[in-house]
Amino acid sequence: MDALFEPLAALVGASVDQIKLIFCLLVAYPLGSLYIRVPTSQPNLRHLFSLTVAILFFFPVLKIYSAFFQLLASILATYFIAKYDTSKRMPWVVFVIVMGHLTVNHVIRAVYGFSYETMEVTGPQMVLTMKLTTFAWNVYDGRRKTEELDKWQLAKRVTKYPTILEFLGYSFYFPGLLVGPYLDYAEYMDVVNETMFNHPDVRPKIKPGRRMPSYRKRAAYTRMLLGLVYLGIFVVFGPKFYFGAGLTPEFRKMSLVKRIIYFQAFGPVERCKYYAIWTLTEGASILTGLGFTGFGPHGEAHWNGAANVKVFTIEFPPNFKVLLDSWNMKTNVWLRECVYKRVTPKGKKPGFASSMITFFTSAFWHGIASGYYLTFIMGGFITAAARQARTLIRPFFAPAEGQAPGLTKHLYDLTTVVLSAMILNYAASPFIILSAKDSIETWKILGWYGHVVVMGSLVFFYAGGAAFLKGLQKSMGVAPPPRASAANGKAVNGKANGGVSGNASGTETPVSEKNFVLPPSVDKIVPPPS
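Right, let's walk through the structure included here. (Residues numbered from 1 in each chain as written. Predicted model: local features only at pLDDT ≥ 70, side-chain atom pairs only at ≥ 80, totals over all residues. Heavy atoms only, no water.)

1. Comments concerning the overall build of the protein
Applied cut-off: Secondary structure counts use DSSP, requiring at least four H or I residues in a row for a helix and at least two E residues in a row for a strand, with both numbered from the N terminus. Radius of gyration here uses only the C-alpha atoms, and the compact-globule reference equals 2.2 Å multiplied by the residue count raised to the power 0.38. A simple rule labels every residue: compare its accessible area, found with a 1.4 Å probe on the protein chains alone, to the largest value its type can have, and call it buried under 20%, exposed over 50%, or partly exposed in between. Every residue pair with non-hydrogen atoms within 4.5 Å of one another is taken to be in contact.
When you go through the protein residue by residue, the secondary structure sums to 22 helices and four strands. Over its C-alpha atoms the protein spans a radius of gyration of 24 Å, differing by no more than 12% from the 24 Å that the globule rule assigns to 530 residues. With respect to the three principal axes, the spread of C-alpha positions in the protein is 70 × 60 × 50 Å. Counting all 530 residues of the protein, 52% fall into the buried class. In the protein, the proportion of contacts linking residues at least 24 apart, taken out of those at least 6 apart, comes to 73%.

2. Topic: the packing of helix α3 (residues 43–61) against helix α9 (residues 185–193)
What counts, and what does not: In this description, a line fitted to the C-alpha atoms serves as the axis of each element, helices being fitted only across the stretch in contact, and the angle between N-to-C directions of two axes falls anywhere from 0 to 180 degrees. Each helix crossing is assigned a hand: it is left-handed if the near helix lies turned anticlockwise from the far helix by less than a right angle, otherwise right-handed if that turn is clockwise. We call Asp, Glu, Lys and Arg charged. Ala, Val, Leu, Ile, Met, Phe, Trp, Tyr, Cys and Pro are nonpolar, and the rest, Gly among them, are polar.
Following both chains from N to C, one finds α3 and α9 inclined at 115°, their axes separated by 9 Å at the closest point. Read as a crossing pair, α3 and α9 show a hand that is right-handed. The residues of α9 that touch α3, namely those facing Pro-43, Arg-46 and His-47, are Tyr-188, Met-189, Val-191, Val-192 and Asn-193. Taken together, the residues of the contact of α3 with α9 sort by class into five nonpolar, two polar and one charged.

3. Looking at helix α6 (residues 122–142)
Where we set the bar: Between the first and last residue of a helix there are one fewer steps than residues, each counted as 1.5 Å, and that sum is the expected span.
Taking 1.5 Å per residue, 21 residues should reach 30 Å; α6 reaches 30 Å between its end C-alpha atoms and fits that length. Counted residue by residue, α6 has 20 buried out of 21 residues, so it is predominantly covered.

4. Some details on helix α17 (residues 352–366)
Under the 1.5 Å per step criterion, the end-to-end length of α17 is 21 Å for 15 residues, consistent within 8% with the ideal 21 Å. Three or more residues of α17 are buried, namely Ser-354, Ser-355, Thr-358, Phe-359, Thr-361, Ser-362, Ala-363, Trp-365 and His-366. Looking at the buried positions of α17, the neighbouring elements they touch are α5 (90–112), α6, α16 (329–340), α18 (370–392) and α19 (407–433). A positive phi of about 145° marks Gly-367, the residue just after α17.

5. Some points on a nonpolar patch on the surface
Stated precisely, the cut-off is as follows: Patch definition: residues above 30% relative accessible area lacking any salt bridge, with like charges linked at up to 9 Å and the nonpolar side chains Val, Leu, Ile, Met, Phe, Trp and Tyr linked at up to 5 Å. Computed by Shrake-Rupley with a 1.4 Å probe, the accessible areas treat only the displayed protein chains as cover when residues are assessed. Salt-bridge detection follows one rule: a side-chain nitrogen of Lys or Arg within 4 Å of a carboxyl oxygen of Asp or Glu.
On the surface, Val-104, Val-107, Ile-108, Val-111, Tyr-112, Phe-114, Phe-360, Phe-364 and Ile-368 cluster together into a nonpolar patch covering about 820 Å² of accessible area. Where the nonpolar patch is concerned, the elements lending two or more residues are α5 and α17. Here the element with the most residues in the nonpolar patch is α5; it accounts for five residues. Looking at the secondary structure, you find Val-111 in helix α5. With a relative accessible area of 63%, Val-111 lands in the exposed category.

6. Things to note about the packing of α18 against helix α20 (residues 436–445)
Convention followed: In what follows, roughly perpendicular refers to angles from 65 to 115 degrees, roughly parallel to angles under 35, roughly antiparallel to angles over 145, and oblique to any angle outside these ranges.
For the pair α18 and α20, the least separation of the axes is 7 Å and the interaxial angle reads 50°. If you check the angle between α18 and α20, you find them oblique. Side by side, α18 and α20 meet where Ser-370, Gly-371, Leu-374 and Met-378 of the first sit next to Ala-436, Ser-439, Ile-440 and Trp-443 of the second. Of the residues contributing to the contact of α18 with α20, the split by class is five nonpolar, three polar and no charged.

7. With respect to the nonpolar core
The nonpolar side chains of a soluble globular protein tend to be buried, and buried together. Which entries qualify depends on this criterion: Each nonpolar core is a collection of buried residues, namely Ala, Val, Leu, Ile, Met, Phe, Trp, Tyr and Cys, held together in the definition by side-chain atoms within 4.5 Å.
One finds Phe-58, Met-90, Phe-135, Phe-172, Leu-178, Trp-334 and Phe-376 to be the most contacted residues of the largest nonpolar core, which totals 135 residues. Per-element tally for this core: the top contributor is helix α13 (residues 266–287), with twelve residues.

8. Points about the packing of aromatic side chains
The condition is simple: Each Phe, Tyr or Trp ring (for Trp, its six-membered ring) is paired with any other whose centre lies within 6.5 Å, and the angle between the two planes then decides the class: stacked below 30 degrees, edge-to-face above 60, tilted in between. Over a ring means this: the NZ of a Lys or the CZ of an Arg is within 6 Å of the ring centre and within 35 degrees of the ring normal.
Per the stated rule, a full pass over the model turns up 58 aromatic pairs. Measuring from ring centre to ring centre gives 5.9 Å for Tyr-112 and Phe-114, while their planes differ by 10°; the resulting arrangement is stacked. Ring centres 5.6 Å apart and planes at 75° place the aromatic pair Tyr-274 and Trp-327 in the edge-to-face group. Of this pair, Tyr-274 sits in helix α13 while Trp-327 is found in the loop between α15 (320–325) and α16, placing the two residues 53 residues apart along the sequence. Taking the ring centre of Tyr-170 as reference, the NZ or CZ of Lys-131 above it sits at 5.0 Å.

Keep in mind these numbers describe shape, not what the thing actually does.
Structure (structure tokens):
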């Protein structure tokens, strides 16, 4: 089939593997429309549908035969271990096996120097790792007393062990097979049986004669169009605007100010490839019935549950935490539910050790490229500086209660948006460049502006700035922003939406609002003197 893709690959300057991946993501749309027509009274046909599509993707289209059998091996190992090992160690056995398998393949990818343009096993395996480890914990929770479980665990627990066909259908759920979205077993069975649409709060709002709420197709094809727009931006501008261009002689010849300004165009274009694939796969998932999140005030159905990224928030972030929370959102749920909360001993509050274990899990899940770790470590310092700035500086610009924001507040907000975007582009460049050596050289060419801003801020706060600003707040009667309160995990159609009690974390930020991709920020380890 490569002959069908080679002319298009040559036309747009992409690899054949990239064209084949986009083909699979797009063909999932008509397949999603076919899938939804399979009667819910025949769930096995729906499972077979996903399995058949997976085989078609991996064999005649992508031609990564060994990848399919490697994934199948992890799936079967998880299925039988979770079924027959009823001990408390079972989820960790599954975790070690599938995570270890993924890490081995990350090493192989690095040894052979595969670029992101090469389609191989690690992409689908990263998604599968989240699904299999989540399933293991869901099964374990199904064997525990209900009073021991939190809201998310109660909603997702598996009490009836699936058949092998059901499990294969879940593992090979075709819209999210190659790049996500990750979903848990309870969500998958809701899609297969369409049970969420029969809830008493939902069924009366569905138009007579229809099985599903309205706006599903509109939401799905809107995502498809957006995904194609992002893809078009990347194809058109990617050859010129990419982080690696920071190492070219032409870029080096620019003045420092011009280099920094020009560099800001690289980030959005580079991120468009992620926006494209995640938005495309989100739309196909919606067509199968995944992602329903309830009704709006005017009765319109919302389909936001399959989203993995919030593009506008990332490109125009009010602060760095909101930016982080809007990127790869499904992975953060997995890290929270299957690592952070699980490594904390019963009756204890999660602390530094839990955060570090979760961070290293995130790091190894992403891969072993040295550039990843530069981004992650830098992110820990950025988070600390951003939190201190929000606590110590923002109150001076916030309007008094009951008053509208003034000019200074708008200028402050604009400054934080611009600064957050600039720091993101600086810190994220190693994640794309991959090589630590080239990444450090890029930072050097940019005059280390990100380090100057972030480390300079931390030096100021730790050298007495924090104490000075707190005293100034007190003398001016300026109240700092309130601490985050426990999130009330809202239920959608009678099911928990992932929220958990903030008391479980023992921190200012509730567990449901914490970000686990980055390491613990330095101000949480050593707070600035006050």
